[in-house]
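# Observations on the three-dimensional arrangement
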Amino acid sequence: MAKVLVLYAHPRPDRSEINQPLFETAKGVQGVTAVDLYAEYPDFDIRVDVEQERLRNHDIIIFQHPFYWYSAPSIMKEWQDLVLEHGFAYGLHGKALVGKSFINVTTAGAKPEAYSADGLNHSDIRSLLAPFEKTADLCGMRFLAPFIMFGAGRALEENRLNVHRNAYDDLLKAMVADRFDLEKAAKAKQISDVLDDFILKGEAV
Amino acid sequence: MELLSDAFVYLCAAVIAVPIANRLGLGSVLGYLIAGVVIGPVLGIVGSETTEVQHFAEFGVVMMLFLVGLELQPAMLWKMRKQLIGLGGLQVLGTTAVFAGAGLAFGLVWQSAVALGMILALSSTAIVLQTLNEKGWLKTEGGQSSFSVLLTQDIAVIPMLAVLPLLAVGHGGGSQGDSHGAGHGGEALASLPGWLQAVVILAVIAAIIVAGRHLMRPVFRFIAESHLREIFTATALLLVIGIALLMDFVGLSPALGTFLAGVVLSDSDYRHELESDIEPFKGLLLGLFFLTVGAGIDFNLLFGAPVTIFGLAIGLIVTKFALLFGLGTIFNLKGADKWLFALGLAQAGEFAFVLFGFALSAGVLEPALLQTLTLVVAISMLLTPALFILYEKVIAPRAVTQSNRPADEIDRKGRIVIAGMGRFGQIVGRLLITSGYDVVILDHDPQTVENLGKVGLKTFYGDATRPDLLHGAGLQDADLFIAALDDRDKQTMVVEHVAKTYTKVRILARARDRHHVYELEQAGAHHAEREVFEGAMTMGRRALIDLGMHPFRARSKAKDFWHHDRAMLDDLRENYNDGGVDKSYIDAMRAHSQTLFEIMRTDHGDEKHERTERGWTPPPKGDATL
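Going by what an unreviewed UniProt entry lists, chain B is known as Transporter, monovalent cation:proton antiporter-2 (CPA2) family and is assigned to Roseibium alexandrii. UniProt lists a comment for chain B under the heading Subcellular location (unreviewed entry), and it reads "Endomembrane system". The UniProt entry for chain B carries the following text under Sequence similarities (unreviewed entry): "Belongs to the monovalent cation:proton antiporter 2 (CPA2) transporter (TC 2.A.37) family."

Per an unreviewed UniProt entry, the recorded name for chain A is Putative NADPH-quinone reductase (Modulator of drug activity B), and the organism is Roseibium alexandrii.

What follows is the structure in structure tokens.
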């Protein structure tokens, strides 16, 4: 059984159409610790010890957030700056995170086409997530391909929310049950629409 | 001494019977009636003087209407107009018509039948509102509809008082031969020509409205500023009695006058204080009134024809229930709400006793019939608790699945009472009000009340430590109580009272210092905040900046201190609660101060990098990945 930590950041959860429901889903999965960073630290006073202890106690770290400015909402950057200390997460004696897995669960307003070489952004989303990937690398964590909802601004109208929620539920449950193929996911571009390929069938490991 | 011995008997009966009746869930009105029955027909302690006492006690009705008026802010009436006119109006008119028809069928003359119909259309505000409040049903659809109908009925009493004398057919002059009531008074104007009488009457009414709007405020303020509570009470009584006399003088109903004065003053800052001052007088006088009604019940009549009397009472309830149920259907009440509405209002009310007396002296109804009807009304009221039990135990549980009631309205979530609008309460209050919450403010300083009124904040004058004032402010329906009184002991007292009395209300309290925090928590506050703490933190932070510290650094220093102080507050709680400021407390505090010094001293440049030093700290010199 893997322990999964969802760190969630949305500065206006009351206005969130996708992320908040997804977070509710995460809260409902057994074996998942779901943390709303903006609720826990409304003043940005992140308690470093508490966060580091949480990291030590979990195997898979999920950043769940909307894709703000090709990154995450500011509290997540603050969290990284404070929590991933030298001597804890990196450096000669910083081995606390080695061997753990890291994944971005994110939503992008634009359609998938925008995230391609000839699209609006001229690059795919995985390369735009490079800062997260490099951070994971430096901390010795396995960076998994992101779980993304594109076109999130129209997902409600197009009735895609529930499909995506179910997929997220499947993902989390598979991770907790050790039935998610971490190696394969680390090599993939993204996992959202082909989730079944990464979920191991048959007996749980 | 006769006065004293009478008073002793009446008070004794009330003090014994009312609490017992209340405990049994029958309500105070029934308690008074039963007490009256015991001292009257059963024991025969009181007798002939009851009629005289009753006339005196009728002043309680006048006060009751003043209070009803106080509750009716014009804006609220306007908001409820549909319910009041539609549901309430139809109930009064429909029930009047049905019972008047029944009266005609039994051979009454039409005037008597109409009077009877009007009187029986009323339900018992006292019993129903009290029950709805106690059971927490007032905010349900059924409760709200009941409330609107009761309100309409209370207002309808006024035109009924005016119409009843017009229905006179000459039954009057019986045992109560005086001309009490309608034809009474007005002699002062009798010599004037008709048109001039009308002018005088209109002028008096206009004077009440104008004086209430513009004169009473400064007067109340002047008196409030003197801080003599008994004089404020005296003023309130003077106002009610004065208006009653004035109305009597021009030949109008005193109840109408005080009702009007109540409505005019319902927008005033002094509403709650007036309410809590008049309330006890009203309660006692009305109680006395019900006592005399009970004492006047004719037991020979009841035991002579029990089947007829009980039959009539049950017929009355069944008829009213059927009409209310029909109305509920028309007005889209569903499931349990419709049952609550129809069962709850199916009795006749205390106003019937008042109007019976009035109808008798005006000669509208026969004394013999009234004797019977008084019994019928009393019995229908006695059966009301049974109807509520029927609803609660049988109907509500079954209807739960059917009633697809949407979540409670938003305005329910936001009932906030703030006690004390000084420097602390004002900030909290403004934050909440500007965020769109419904806030009731109490303050005992007339100047503050006045000033807040000028900037458009609704504030009520009064001493928040008075239980009746807290009740008047609606604490029983509130979600949140914010205690921000200046006086340390009063503050603890009010928190303790609210925590004990209103167990559902969440209490946030302002504390003087750390020890007061613990005190307030013991008194029942859910959260206590030290008044100067945050302000002092801001000031300390400013001082660090002025000493040359980078503002962001000053912020994190202050935050470190804040967190440590919070931790200390939690750690010392047990020590304090165990033995106050004793040795163990002081030792624990010393240890904390030591830790705090260590936390705050780091990062002066010369110390080496420590684990306690957190936040945007650069990695060691050289290649950080090593």
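Picking up where we left off.
What follows deals with the packing of aromatic side chains. Here the structure, examined in full by the defined rule, presents 22 aromatic pairs over all chains. Ring centres 6.0 Å apart and planes at 20° place the aromatic pair F102(A) and F143(A) in the stacked group. Here F102(A), found in strand β4 (residues 101–107), pairs with F143(A), found in strand β5 (residues 142–143); they are 41 residues apart in sequence, far enough to count as distant. Across this residue pair, the class does not change: F102(A) and F143(A) are buried. Between R530(B) and the ring centre of F533(B), over which it is positioned, the NZ or CZ distance is 4.1 Å. The ring of W562(B) carries K559(B) above its face, with NZ or CZ at 5.7 Å from the centroid.

If you look at the biggest cluster of nonpolar residues, it comprises 79 residues, and the most contacted ones within it are L33(B), L164(B) and F353(B). Among the elements that line this core, the one with the most residues is helix α18 (residues 350–362) of chain B, at ten residues. Judged by nonpolar contacts, the second largest core, of 39 residues, contains I75(A), L97(A), F132(A) and I148(A).

Moving on, we get to helix α21 (residues 446–454) of chain B. Along α21(B), the residues that are buried comprise P446(B), T448(B), V449(B), E450(B) and L452(B). Structurally, α21(B) contributes buried residues whose contacts are with α11 (194–225), α20 (423–434), β2 (439–443) and β3 (459–461) of chain B.

Let's shift gears to empty space enclosed by the protein. Residue and element names in this part refer to chain A. By the definition in use, this model includes two cavities of 30 Å³ or more. Approximately 70 Å³ is the volume found for the largest cavity. Every residue along the wall of the largest cavity is listed here: L55, I61, F63, W79, Q80, L84, L97, F102, F132, T135, A136 and M141. Listing elements by their share of the lining of the largest cavity, those giving two or more residues are β3 (60–66), α4 (74–83) and α6 (130–138). No other element matches the three residues that α6 contributes to the lining of the largest cavity. Residues of the lining of the largest cavity, tallied by class, amount to ten nonpolar, two polar and no charged.

How big an interface is tends to be reported as the loss of accessible area on association of its parts. On the chain A side, the residues contacting the twelve residues of chain B number 15 residues. Here chain B packs against chain A, burying approximately 1,100 Å² in sum over the two surfaces, 49% of which is carbon and sulfur. Our count for the contact surface shared by chain B and chain A stands at three salt bridges. Among the ionic pairs, D45(A) bridges to R555(B), the shortest N-O distance being 3.4 Å. At the junction of chain B with chain A, the criterion picks out three residue pairs in polar contact (both at pLDDT 80 or more). Counted by class, the side of chain B that touches chain A contains five nonpolar, three polar and four charged residues.

What counts and what doesn't
- Residues numbered from 1 in each chain as written.
- Chains lettered and ligands numbered in written order.
- Predicted model: local features only at pLDDT ≥ 70, side-chain atom pairs only at ≥ 80, totals over all residues.
- Heavy atoms only, no water.
- UniProt positions renumbered as here; feature names shortened; annotations may be inferred.
- Phe/Tyr/Trp six-rings, centres within 6.5 Å; stacked < 30°, edge-to-face > 60°.
- Helix = DSSP H or I, 4+ residues; strand = E, 2+ residues; numbered from the N terminus.
- Buried < 20%, exposed > 50% of the residue type's maximum accessible area, 1.4 Å probe, protein only.
- Lys NZ or Arg CZ within 6 Å of the ring centre and 35° of its normal.
- Core = buried A, V, L, I, M, F, W, Y, C linked by side-chain atoms within 4.5 Å.
- Contact = heavy atoms within 4.5 Å.
- 1 Å grid on protein atoms, 1.4 Å probe; cavity = no way out; pocket = protein on both sides within 12 Å on 5 of 7 lines; lining within 4 Å.
- Points joined across faces, edges and corners; volume = space filled by probe spheres on them.
- Nonpolar A, V, L, I, M, F, W, Y, C, P; charged D, E, K, R; others polar.
- Buried area = accessible area lost by both parts, 1.4 Å probe.
- Salt bridge = Lys/Arg side-chain N within 4 Å of Asp/Glu carboxyl O.
- Polar contact = N/O pair within 3.5 Å; in protein donor to acceptor, adjacent residues only side chain to side chain.

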